[in-house]
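Remarks on the overall topology
Here is how the chains run, residue by residue.
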Amino acid sequence: MLSSRYKDKLFQGMGITASVSCLLILVIFLGFIIYQGVDRLSWDFLINLPSRFADRAGIYTAWIGTLWIMVLTASISFPIGVGAGIYLEEYGKKNWLNKILEINIANLAGVPSIIYGLLGLEVFVRIMKMGNSILAGALTLTLLILPIIIVSTREALRAVPPSLKAASEALGASKWQTIWHQILPASFGGILTGFILAISRAVGETAPLIVIGALAYVPFVPRSPLDEFTVLPIQIFNWVSRPQHEFVINAAAAIIVLLVITFALNGVAVYMRHRWQKKIQW
Amino acid sequence: MRIKEKVIEKILAVCALLTVLTTVGIILILLVEAVGFFREVSIIEFLTETQWTPLFTQKSYGILPLLAGTFLTSAIAISVALPTGLIIAVYLNEYASKRMKNIVKPLLEVLAVVPTVVYGFFALMIVTPFLKMFIPELSGFNALSPGIVMGIMIIPFVSSLSEDALSSVPGSLRQAAFGMGSTKFQTAFRVMIPAASSGIIVSAILAISRAIGETMIVAIAAGHQARFTLDPTVPIETITAYIVQITMGDVPYGTLAYKTIFAAGITLFIFTFILNNISFWIRSRYQQKYE
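Below, the structure is looked at part by part. (Residues numbered from 1 in each chain as written. Chains lettered and ligands numbered in written order. Predicted model: local features only at pLDDT ≥ 70, side-chain atom pairs only at ≥ 80, totals over all residues.)

Let's shift gears to the overall build of chain B. The helix and strand inventory of chain B stands at twelve helices and zero strands. From first element to last, N terminus to C terminus, chain B shows the α and β order α-α-α-α-α-α-α-α-α-α-α-α. Oriented by its inertia axes, the alpha-carbon framework of chain B measures out at about 70 × 70 × 35 Å. A burial count over chain B gives 48% of its 291 residues as buried. Taking as baseline every contact in chain B between residues at least 6 positions apart, the subset at least 24 positions apart corresponds to 72%. (Helix = DSSP H or I, 4+ residues; strand = E, 2+ residues; numbered from the N terminus. Buried ≥ 20, exposed ≤ 12 C-beta atoms within 10 Å, placed from the backbone. Contact = placed C-beta atoms within 7 Å.)

Turning our eyes to something else, we now look at the nonpolar core. Across soluble globular proteins, nonpolar side chains show a tendency to be buried alongside one another. By size, the foremost hydrophobic cluster in this structure holds 174 residues, and its most contacted members are Leu118(A), Ile236(A), Ala254(A), Ile255(A), Phe121(B), Val149(B) and Ile220(B). It is helix 3 (residues 64-95) of chain B that provides the largest number of residues to this core, a total of 17 residues. Non-local contacts of Val149(B), meaning those with residues more than four positions away in its chain, are made with Tyr119(B), Phe122(B), Ala123(B), Val127(B) and Ile217(B). (Core = buried A, V, L, I, M, F, W, Y, C linked by C-beta atoms within 7 Å.)

Interface size is commonly expressed as the accessible surface area that is lost when the partners come together. Counting residues at the interface gives 66 residues for chain B and 66 residues for chain A. Among the elements that line the side of chain B that touches chain A, the one with the most residues is helix 1 (residues 2-40) of chain B, at 17 residues. Across the side of chain B that touches chain A, the residue classes tally to 46 nonpolar, 17 polar and three charged. (Nonpolar A, V, L, I, M, F, W, Y, C, P; charged D, E, K, R; others polar.)

This part is about unusual backbone geometry. A positive phi angle is found at Lys129(A), which is not glycine, with a value near 55 degrees. Positionally, Lys129(A) belongs in the loop between helix 5 (113-127) and helix 6 (134-158). Overall, the presence of 9 C-beta atoms within 10 Å leaves Lys129(A) in the exposed class. Its identity is not glycine, yet His224(B) carries a phi of approximately 55 degrees, on the positive side. With respect to the helices and strands, His224(B) occurs in the loop between helix 10 (216-221) and helix 11 (239-248).

In this model, helix 9 (residues 197-213) of chain B (17 residues) spans 25 Å end to end at C-alpha, consistent with the 24 Å of a helix rising 1.5 Å per residue. The buried fraction of helix 9 of chain B is high, at 13 of 17 residues. (Expected span 1.5 Å × (residues − 1).)

With that out of the way, let us pick up the packing of helix 3 (residues 60-91) of chain A against helix 6 of chain A. Residues and elements named next belong to chain A. Interhelical geometry of helix 3 versus helix 6 gives an angle of 40 degrees and a closest axis separation of 6 Å. Here the hand of the crossing between helix 3 and helix 6 comes out right-handed. Classifying every residue of the contact of helix 3 with helix 6 by side-chain character gives 19 nonpolar, seven polar and four charged. (Axes fitted to C-alpha atoms, helices over the stretch in contact; angles between N-to-C directions. Left-handed = near helix turned anticlockwise from the far one by under 90°.)

Turning to the packing of helix 5 of chain A against helix 1 of chain B, a few remarks are in order. Each packed pair of helices is defined by two parameters, the angle between the axes and the distance between the axes. At a minimum axis distance of 9 Å, the contact between helix 5 of chain A and helix 1 of chain B shows a crossing angle of 75 degrees. Comparing the axis directions of helix 5 of chain A and helix 1 of chain B gives the class roughly perpendicular. Here Ile115(A), Leu118(A), Leu119(A), Glu122(A) and Val123(A) of helix 5 of chain A lie close against helix 1 of chain B, whose contacting residues are Gly25(B), Ile26(B), Ile29(B) and Leu30(B). (Parallel < 35°, antiparallel > 145°, perpendicular 65-115°, else oblique.)

The next point concerns the environment of Ser51(A). All names here are of chain A. Relative to the assigned elements, Ser 51 resides in the loop between helix 2 (43-47) and helix 3. A C-alpha to C-alpha distance of 21 Å links Ser 51 and Trp 68, two positions 17 residues apart in sequence. Sequence-distant contacts of Ser 51, defined by excluding residues within four places in its chain, comprise Arg 56 and Ala 57.

A word on the environment of Gly254(B). Residue and element names in this part refer to chain B. Its place among the elements puts Gly 254 in the loop between helix 11 and helix 12 (256-286). Judged by local crowding, Gly 254 falls into the exposed class, with 11 C-beta atoms found within 10 Å. Along the sequence, Gly 254 and Gly 36 sit 218 residues apart, while their C-alpha atoms lie 9.1 Å from each other.

In this section: the environment of Ile135(B). Tracing the chain through its elements places Ile135(B) in the loop between helix 5 (116-132) and helix 6 (144-167). Spatially, the C-alpha atoms of Ile135(B) and Glu5(B) are 67 Å apart, while their sequence positions differ by 130 residues.

This is the structure we're talking about:
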């Protein structure tokens with residue numbers, strides 16, 4: 001029979017081991033990627049078109065495609081997501097319709113991303129005849145990240161003290177005036193933080209874009225939202241799936257670029273949350 | 001002024017209703033295409049046949065091999081993520097100093113933001129070769145390695161949800177346990193975990209749902225060979241990986257092969273839908289306990 005003091009120490013040891021090994025694995029993974037890929041990173045790698053020769057292949061079309069997807073998804077999903085969040089938090093009454101809306105959004109957040117791909121394939125690519133275009137991809141990803149944006153918008157709105165709202169209404173402001181001039185400015189940092197995190201999720205998504213037909217090999221740079229496209233994650237997937245070692249090196253180098261983008265977005269989000277929390281003290 | 005207010009409210013309502021439309025759209029397209037599939041393949045064959053070979057000349061449409069692959073990788077992932085995530089959550093909440101907590105938590109979050117395609121690379125390039133040193137008969141593509149990597153990916157998900165559950169238990173319970181002379185270990189396992197059990201169960205269910213729906217790790221490292229087996233050392237295929245495999249190739253619209261991805265998709269959707277709703281039910285039923 002172990003003494004309880006001993007069990008206490010033992011579990012503490014387990015806790016530290018579990019935490020440290022997770023971080024260690026992260027370090028090993030990232031270290032491996034950098035070790036494999038950093039030498040391949042060069043200006044040429046960033047501005048070369050794809051090629052079947054590993055040493056000539058670049059990620060130009062891929063990162064331009066990622067940029068397109070990012071900008072388009074962001075500009076479509078921001079107004080819709082924030083709008084829906086405002087509606088549910090500020091206008092929603094406690095009736096059955098809003099109950100359904102809430103359950104539905106929570107449910108959507110748990111739908112696997114590949115299912116959104118199937119939805120996009122049928123609705124945007126086939127029925128709306130957009131083909132495998134950037135627009136179809138951006139709309140698919142918009143549906144995917146809307147639940148995330150809505151939930152984080154609502155949290156940010158909820159953090160605004162009711163006294164602010166009461167004061168504004170007492171001065172005779174209408175509901176929308178109160179929201180537009182008081183509540184939104186006060187919660188904007190929080191809304192933006194959640195939004196950037198959602199975009200970072202969209203940038204890393206691969207499966208739904210493969211399903212809607214984004215190509216692995218696109219020998220030109222997209223010029224309009226209706227052009228075919230590829231993105232960094234799909235380029236990485238394509239290179240990883242090849243047996244030749246040179247392509248694996250390319251994949252590692254492309255992963256470095258993708259991680260820089262993802263970590264930068266998350267870094268900005270964390271920084272903003274930090275600043276916002278510091279600046280506004282109720 | 002009045003009209004403007006009304007119009008704005010309506011516009012915002014439309015934004016919110018779009019989410020309902022998404023759900024309706026998902027269910028509708030899955031149903032329509034799956035019905036088309038089941039017109040040509042009997043549902044009995046779909047559920048009982050042990051071969052999945054829609055692309056071969058000898059065609060067979062049994063979902064069981066894909067289900068076995070999905071179950072296998074998810075089970076491996078959960079057996080990695082659940083204990084580790086739970087230990088970390090209890091450790092951070094009951095043992096760790098505030099400083100330690102402030103360092104470990106954000107670093108764990110980094111694990112959660114790495115794109116899944118990158119985890120696929122890790123599974124194929126690092127974990128499989130590493131496992132081969134101990135299991136020489138391990139195939140280059142297998143269920144074990146992507147399962148483990150998926151588990152690592154889900155750890156921060158489990159740990160942060162379980163930690164939320166633990167920290168929502170009122171401090172008075174902990175103080176009372178300490179007051180009775182309990183050690184931290186006794187307090188954690190006999191008071192805090194039972195008190196937070198509904199939240200912890202929810203985190204486990206959501207983790208399972210995540211694992212079932214995960215795509216890129218298995219698409220890269222598990223091998224694309226639908227096989228009715230629970231052997232973790234051989235190449236297998238999951239439902240999600242199959243959808244990727246088909247949509248990567250040139251399968252013409254309207255063919256039976258095209259419809260198979262929706263039959264597979266609706267199977268996946270049903271599983272995750274049930275799991276997600278169980279978790280809501282648990283949450284709404286037991287949440288108010290301490291409020």
